[in-house]
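Breakdown of the fold
If you want the building blocks of each chain, they are given just below.
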Amino acid sequence: MSPIWLVATDEWRFWLRSHIAIGGMAVFLVLIITTSLLAALRIEAETYARINQQDEAEKTFLTQPDRHPHRMVHYGHYLFRTPAPLAQFDPGLDLITGQAIFLEGHRQNTAMFAESTASADFGGLSWLSPALVYQLFAPLLIILFGHGSIARERETAVLSSLLAMGITGRKVIAGKTLALLSMAFLLLLPLIGSGALALSASEPVSSVFLLFGLYFAYLATWVVLTLMASVVLKERSAVLGVMAGLWLALALVLPSVAVNVASNTVSAAGKIASDLVMLADLQELGDGHNAKDPAFKRLRADLLQEYGVEGVEDLPMNFRGVVAMESEKKLTDVLNEYADARMHAEIAQEKVVAKFGWLSPVLAVARASRAIAGTDLANYHHFQRMAEAVRFDFVQGLNHAHVHQLSYRDDINRNRDEDARLRARVDASNWRVLDAFRFQAVSVSERFGNASSAVYMLMAWLVIMLAILFWRGDKLTP
Amino acid sequence: MSIPGALRREVRFSSRDPVLWLWLALVLGLSAMSVAFGLAEVERQNETIQKLIDGDRHDRLAQYDKQESWGSAAYYSFHLTYDPPSDFAYAAMGQRDAQPWMHRIRMLALEGQIHERDVANPSIALIGRFDFAFLAAFVIPLVLILLLYDLRARERIAGRHDWLEATVGQPTSFWLLRASLRAGAVFVTLVVPVIIGGMVAGASPAKWFVATLGVFAYVALWTMACFFVSSWRRPGSVIMLALIAIWVAIAVIVPAGARLAIDRLVPIPTGADILLLQRETVNDAWDLPREVTMAAFFERHPEWSEYQPVEGSFEWQWYYAFQQVGDQRTEQLSTAYRDGRLRRDHMAAWVSILALPSLLERFLQSLADTDLRAFFEYEEGVRGYHAALRDFYYPKFFRNEAFDRTLLEDLPSFKPGNPGMG
C-alpha cells in the first residue's frame, strides 16, 4: 500500500473514533439536509404561486371588454418573477428583490414585494440556505476535522517516526489532503440532491456539475489553509485559534467590509433621485396625452405633408394614436437610458465588492454560486429588462390599434355622450397583443460567463495555497 | 491577597500577552471602521434627501405653472416623503438597505404607490453592511471565545494551573478576574469609537449610553458563557469547539428556524392580491355608473354627498373619488398585510430572547430607529400625509373653487417623524 493511502486511511480511522468529529459531521448533515428540503419546498410553492398569479394576470387582461385602447395602456399588466430552479440551493438576490412589477404606459415601475420585507427579522445570517451553509459552515467542519492532522501527529511524536521511516513530508501532507478532500466530497453529496431537484425543473445538468466543482474547489481551499496552519504551528489549539480567527475574518468581516467600501466609493443614485433628473429631460418630449402639445408640431406637419391633406382629421389614421405611439417611443428611450445608468452604477458597486474576492474566497465562491444559480444581480437586471420589453411591446401594440382601428373623429368626441363613448372603443381581440410571460433565468453560457472571474479568483486561491503547502511540506519537521 | 493587588498583578500579566494586544487592536480598528463608514453613510443619505427635497420642490413648482385646474394640479404634482436617518443610525443601519425610506407620492390611489421599492443595490443589501450592530452582535462573541476559551487550558499545558489555583486562595474568583479583565478590555475598545462617533454625529448621550449598557450586558453574558464552558476539564480545542457550536446555534440556527416557523404561523396576504384588487377597482370605475362609485365615496365623505356626477363627461371629483374608493376596497387586505408583518415582528422580538445576537442587533436597531417599527411609523406618516393632501384638495374640487395658483402654497408639506401630521 502506498504511504499516501496509508496516511489517508489512518486519518479516517482517527476521525471515526472521535466523538467530536462524528458529532460535528452529523450536525452538519442534519443542517444541510433540513435546509435543502425546506428550501426546495419553499421554491416549489413560490414557483407554483407566481405562475398562477401570472396566469391570472394574463387572463384578467385578455378578458377585458371592448374599450378605448388608451384605457388599456393605463389599465396595465403585471409580471411575476418565478424563481430560478437553482434558487432552492442558492436563493441569492431572489429573497430581497421584488417579485411583482406593474407595467403601464409612460412609466417604469419598480419591482414590488420582496420576501425579505415581510419576513420576521433576525438579521442577515438567519436567511439560511444550502449555499450559505456550505459557504460559512462547511469550512468550520473542515477546520474541526483538519486542525489536528499534522499538529496531532507532532504532539504525539508519530510524525517523527513517520519521517524516520522515510516517508517524506510531502507524502504525509498528500495523505492528509486526500483524507480531507474525500471528507469534503462527502459533505457535498446533499448538493447533488438539490441539483437533482433543479434538474427536474429543467435546469441543465452542466450548471449542477459546475456548482459541485465550484464548492469542491472552495472546500479544497479551506482544506489547504487548514493543513498549512497545522504544518506551521506547533500546537493543536494554536491551529484551531488561528483558523477560527481566519474564518471570522474571511467569512464574516471581509464581505461586509467590502460592501461598506463599495457603497462609499461608488455612488448609485436611487430611482426617485434619477427620476427627478430625468423629468427635466422629459419636459422637452411633450405630453403624449395632448396631441396639441407644441412638441408634436413637427410630427403633425410632416404627416400632413406626406399625405397631402389640410388637417389631422383628414389623415388616413388617428393622429392622437400617432402622437401616443411616437411619444411612448421617445419617452421609453429616455427611461431606458436612465434605467441603464442605474444598473451600471449597481454593477460598478458590485465590481468593487467582487475585487475583495482576491482577499476572501468566501466572497469569490458566493458570487460565482449566485451567478451559476441564476440569482445574481445580472439576473435581476435581466428580469427588469425583460419586463421593460414586455411593457413597451404591449403599450405600442395598443397604440397601434389606437392609430389604425379608431377614427380621429370618434376619438376626439369620446366624451360627448354615452353613444360617443361607445363608438370610441376598439374590439377586445386587440388585447391579444399580450404574450404569455414566463420569466427565464439567463442562459447557462451567460451565467457561466458571469461566474468566470469569481471562479478564476477561487482557482488562484487554491493553486497558490496548494503550491505553498507542498513547498513548505518538503521541509516538514517533527 | 487583596483585590487591588490581584488586579494589578493580572493587569501586568495580561499586558504581556501579545495575542491580547493583537485582538484589542483588531477590535478597535473594526469598531472605528464600522463607525466611520456608518457616519459617512448617514451623511450620504442626508445629502440625498436634501438634494431630493430641492429637486422635488423645483419639479412641483414647474408643474404648477402649467396647470389650469385643481384636478390637473393634483394629478401632475408629486410630493416627496422621506425618513431621514436618526442621530444613532450610524451604529445600526438595520432595515435602511432593505426597506424603502423614500416615496414620491401623488393624489392617486395610495395602494398603487406605497409598495414601490426605491431601495439600495440588492447585492449590497444581501451581504449587509459592516455596521457597529453587526460587529457587536455577531463578531465580538467569536472574538471573546477566541480570547477566553483557553485561559485554564493554557495554564494547564504550561503546567502552572494547579500551582496557580493553590496560591490564589479562591480559584474561581481568580479565573473570573482574569476573564473579566480581558473581556473588559474588549468592551472598552469596542465602545470607545461608537461613543466618539456619537459625539461627532451629535447623537443624544442617552442613546449611546443605553446602547453601551446593552453591549456591556451582552459582553458580560458571553464572558460568563466562556468562563463556565472553559472550566470544563477538557482540552482547549474541545472547549473552543463547544463555544463556537453555541455561537452557531444561537446566532444562526435558532434565528433561521424561528424565521421559518413565524412566517408559517402568521400568514399574510400576498402583495399581488392587494395590487390586483386595487387596480381592478380603480379601472372598473370607468365603466361603472358613477352613482355606484360616488355612493362608496360618500360613505367616507358624507360632507360632499350633495355632489351630482354627470354621466359621460370627465370630472375630476369623480376621478379622485374612484381613486379613493380603490384604496377603500383594498383597505382590509392592506391592513392585514401590515398587521401580519407587525405580528411577525412582534413574535420575532420575543423569540430573539433565545437568539442573543439577534436580540442585541434588534435592540441597537430600535435605538437607531432603523427597525421595522420605525418603517411602519414612516409608512403611517406617508398615509397621513396622503390623507392631508386629500383634505386639502377635496374642498377645492367639490366646492368648485376657481383655480388659484397662489393657494397651492398652503398645501401641507411633509414632515418626517410625525405620523398624522397636519
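Numbering of residues starts from 1 in each chain and follows the order in which that chain's sequence is written. Key to labels: chains lettered from A, ligands numbered from 1, both in the order written. Local features in a predicted model are, by the rule used here, given only for residues with pLDDT of at least 70; side-chain atom pairs are given and counted only at 80 or more, and totals for whole chains, interfaces and linings are based on all residues. Based on all heavy atoms of the structure, the side-chain values leave hydrogens and waters out of the count.

1. A few points about the packing of aromatic side chains
- Within 6.5 Å between ring centres, the rings of Phe, Tyr and Trp (the latter by its six-membered ring) count as paired, and their orientation is classed by plane angle as stacked under 30 degrees, edge-to-face over 60, tilted in between. Tallied over the full model, the rule gives 51 aromatic pairs over all chains.
- Between F61 of chain A and Y75 of chain A, the ring centres sit 6.2 Å apart and the planes meet at 45 degrees, which makes this aromatic pair tilted. Taken together, the residues F61 of chain A in helix 2 (residues 19-62) and Y75 of chain A in helix 3 (residues 69-75) connect sequence positions 14 residues apart. Y75 of chain A carries the same exposure label as F61 of chain A, and that label is buried.
- The ring of W101 of chain B is capped by R96 of chain B, whose NZ or CZ atom sits 4.6 Å from the centre of that ring.
- Geometry around F392 of chain B places K396 of chain B over its ring, the cationic atom sitting 4.4 Å from the centre. Working definition: helices are DSSP H or I runs of at least four residues, strands are E runs of at least two. Numbering for both runs from the N terminus. When accessible area is computed with a 1.4 Å probe and restricted to protein chains, residues below 20% of their type maximum are described as buried, those above 50% as exposed, and intermediate ones as partly exposed. Two limits define a charge over a ring: the Lys NZ or Arg CZ must be within 6 Å of the ring centre, and within 35 degrees of the ring normal.

2. Some points on the packing of helix 14 (residues 319-355) of chain A against helix 16 (residues 377-405) of chain A
- Angles shown run from 0 to 180 degrees and are taken between the N-to-C directions of axes, each axis being a line fitted to C-alpha atoms and, for helices, limited to the stretch in contact. Two numbers describe how helix 14 of chain A lies on helix 16 of chain A: the axes approach to 10 Å, and their chain directions differ by 175 degrees. Classified by the interaxial angle, the pair formed by helix 14 of chain A and helix 16 of chain A is roughly antiparallel. When an angle is under 35 degrees it counts as roughly parallel; over 145 it counts as roughly antiparallel; between 65 and 115 it counts as roughly perpendicular; any other value is oblique.

3. Some points on the nonpolar core
- Residues belong to one nonpolar core when they are buried, are Ala, Val, Leu, Ile, Met, Phe, Trp, Tyr or Cys, and are joined through side-chain atoms within 4.5 Å. Core analysis: the largest hydrophobic core is formed by 160 residues, its most contacted members being F137, Y215, W222 and W247 of chain A together with W247 of chain B.
- Split by domain, this core shows at least three residues from each of two domains, domain 1 (3-17 + 132-261) and domain 2 (35-130 + 266-410) of chain B.
- Here a residue-residue contact requires only that any non-hydrogen atoms of the pair lie within 4.5 Å. Aside from chain neighbours lying at most four places away, what touches Y215 of chain A is F89, D90, A131, Y134, Q135, L188, L191, V365 and S369 of chain A.
- Core analysis: the second largest hydrophobic core is formed by 48 residues, L276 of chain A together with W70, A74 and F398 of chain B among them. How far each domain reaches was decided by an automatic or database domain assignment.

4. Digging into the sheet that holds strand 2 (residues 100-104) of chain A
- Reading across from one edge, 1-2-3 (chain A) is the order of the three strands in this open sheet, with antiparallel pairing throughout. With partners counted over all chains shown, the strands left at the sheet margins are strand 1 (77-80) and strand 3 (107-108) of chain A, one partner each.
- Sheet analysis places strand 2 of chain A next to strand 3 of chain A, joined by two bridges and oriented antiparallel. Note that in strand 3 of chain A the partner of E104 of chain A across the bridge is R107 of chain A.
- Helix 11 (residues 271-284) of chain B rests against strand 1 and strand 2 of chain A of the sheet, and its axis sits at about 170 degrees to strand 1 of chain A. DSSP-based pairing: two strands are paired if at least 2 bridges between them are found.

5. Observations concerning the domain arrangement of chain B
Residues and elements named next belong to chain B.
- For chain B, the assigned domains are domain 1 (3-17 + 132-261) and domain 2 (35-130 + 266-410).
- Computed from C-alpha coordinates alone, the two centres of domain 1 and domain 2 are separated by 45 Å.
- Between domain 1 and domain 2, the residue contacts involve 30 residues of the former and 22 residues of the latter.
- Accessible area, probed at 1.4 Å, shrinks when two parts are joined; the buried area is that loss added up over both. Counting the surface lost from both domain 1 and domain 2, the interface buries some 2200 Å², and carbon and sulfur atoms represent 77% of this.
- Salt bridges, as used here, are contacts in which a Lys or Arg side-chain nitrogen is within 4 Å of a carboxyl oxygen on Asp or Glu. Where domain 1 meets domain 2, there are one salt bridge.
- The salt bridge involving K207 is made with D87; its shortest N-O contact spans 3.0 Å.
- Whenever two N or O atoms come within 3.5 Å, that pair is a polar contact, provided that in protein one can donate a hydrogen and the other can accept it, and provided that, for residues adjacent in sequence, both atoms are side-chain atoms. Across the domain 1-domain 2 interface, the total number found is six residue pairs in polar contact (both at pLDDT 80 or more).
- Sorting the residues of the side of domain 1 that touches domain 2 by element identifies helix 5 (132-148), helix 8 (171-201), helix 9 (205-230) and helix 10 (236-265) as the ones contributing at least two each.
- For this classification, the nonpolar set comprises Ala, Val, Leu, Ile, Met, Phe, Trp, Tyr, Cys and Pro, the charged set comprises Asp, Glu, Lys and Arg, and every other residue, Gly included, is treated as polar. When grouped by side-chain class, the residues that make up the side of domain 1 that touches domain 2 number 24 nonpolar, five polar and one charged.

6. So, empty space enclosed by the protein
Residue and element names in this part refer to chain B.
- Two kinds of site are reported from a 1 Å grid over the protein atoms alone, namely cavities, where a 1.4 Å probe fits but cannot get out, and pockets, open sets with protein on both sides within 12 Å along at least five of seven lines, and residues are called lining when an atom falls within 4 Å of a point. Grid points are joined across faces, edges and corners, and a volume is the space filled by probe spheres set on the points. Going through the model one piece at a time under the given rule, you end up with four cavities of 30 Å³ or more.
- By volume, the largest cavity is sized at about 220 Å³.
- Along the wall of the largest cavity there are 16 residues; nearest its centre are Q99, P100, I114, R341 and E379.
- Sorting the residues of the lining of the largest cavity by element identifies helix 13 (316-351) and helix 15 (372-398) as the ones contributing at least two each.
- Ranked by residues supplied to the lining of the largest cavity, first place goes to helix 15 with five residues.
- Considered class by class, the residues forming the lining of the largest cavity number eight nonpolar, four polar and four charged.
- Of the pockets and cavities examined, the second largest cavity occupies roughly 100 Å³.
- A per-class count over the lining of the second largest cavity returns five nonpolar, five polar and three charged.

7. Remarks on the pattern of salt bridges
- Following the criterion strictly, the structure yields 48 salt bridges over all chains and no others.
- The shortest N-O distance in the salt bridge between R421 of chain A and D287 of chain B comes to 3.9 Å. Of the two residues, R421 of chain A is situated in helix 18 (residues 418-423) and D287 of chain B in the loop between helix 11 and helix 12 (290-300); the pairing between them involves two chains.
- When its relative accessible area of 28% is taken as the criterion, R421 of chain A is described as partly exposed.

8. A closer look at the interface of chain B and chain A
- Residue-level contacts link 85 residues of chain B with 77 residues of chain A.
- Summed over both partners, the interface of chain B with chain A buries about 7400 Å², with 64% contributed by carbon and sulfur atoms.
- Between chain B and chain A we count three salt bridges in total.
- Connecting chain B to chain A are 25 residue pairs in polar contact (both at pLDDT 80 or more).
- Where the side of chain B that touches chain A is concerned, the elements lending two or more residues are helix 2 (18-66), strand 2 (102-105), helix 4 (122-127), helix 5, helix 10, helix 11, helix 13 and helix 14 (356-367) of chain B.
- Counting residues per element, the side of chain B that touches chain A draws most heavily on helix 10 of chain B, which supplies 17 residues.

9. Topic: helix 12 (residues 271-283) of chain A
- The first and last C-alpha atoms of helix 12 of chain A sit 18 Å apart over 13 residues, in line with the 18 Å expected at 1.5 Å per residue.
- Bend at a residue means the angle formed by two fitted axes: the first through the 7 residues ending at that position, the second through the 7 residues beginning there. V277 of chain A marks the point of greatest bend in helix 12 of chain A, at about 30 degrees.
- All of the buried residues in helix 12 of chain A are K271, I272, A273, S274, D275, L276, M278 and L282 of chain A.
- Buried residues in helix 12 of chain A make contact with strand 3 and helix 14 of chain A together with helix 2, strand 1 (79-82) and strand 2 of chain B. Helix span, expected: 1.5 Å multiplied by one less than the number of residues in the helix.

10. A few points about the pairing of strand 1 of chain B
All names here are of chain B.
- Covered by surrounding structure in strand 1 are H79 and T81 together with L80 and Y82, the residues of both alternating faces.
- Examined bridge by bridge, strand 1 and strand 2 share four bridges and lie antiparallel to one another. Across the sheet, residue L80 finds its bridge partner in strand 2, namely R104.

11. Some remarks on the pairing of strand 1 of chain A
Residues and elements named next belong to chain A.
- Neither face of strand 1 is exposed, since H77 and L79 on one face and Y78 and F80 on the opposite face are all buried.
- Here strand 1 pairs with strand 2 via four bridges, running antiparallel. Among the inter-strand pairings, F80 is bridged to a residue of strand 2, identified as A100.

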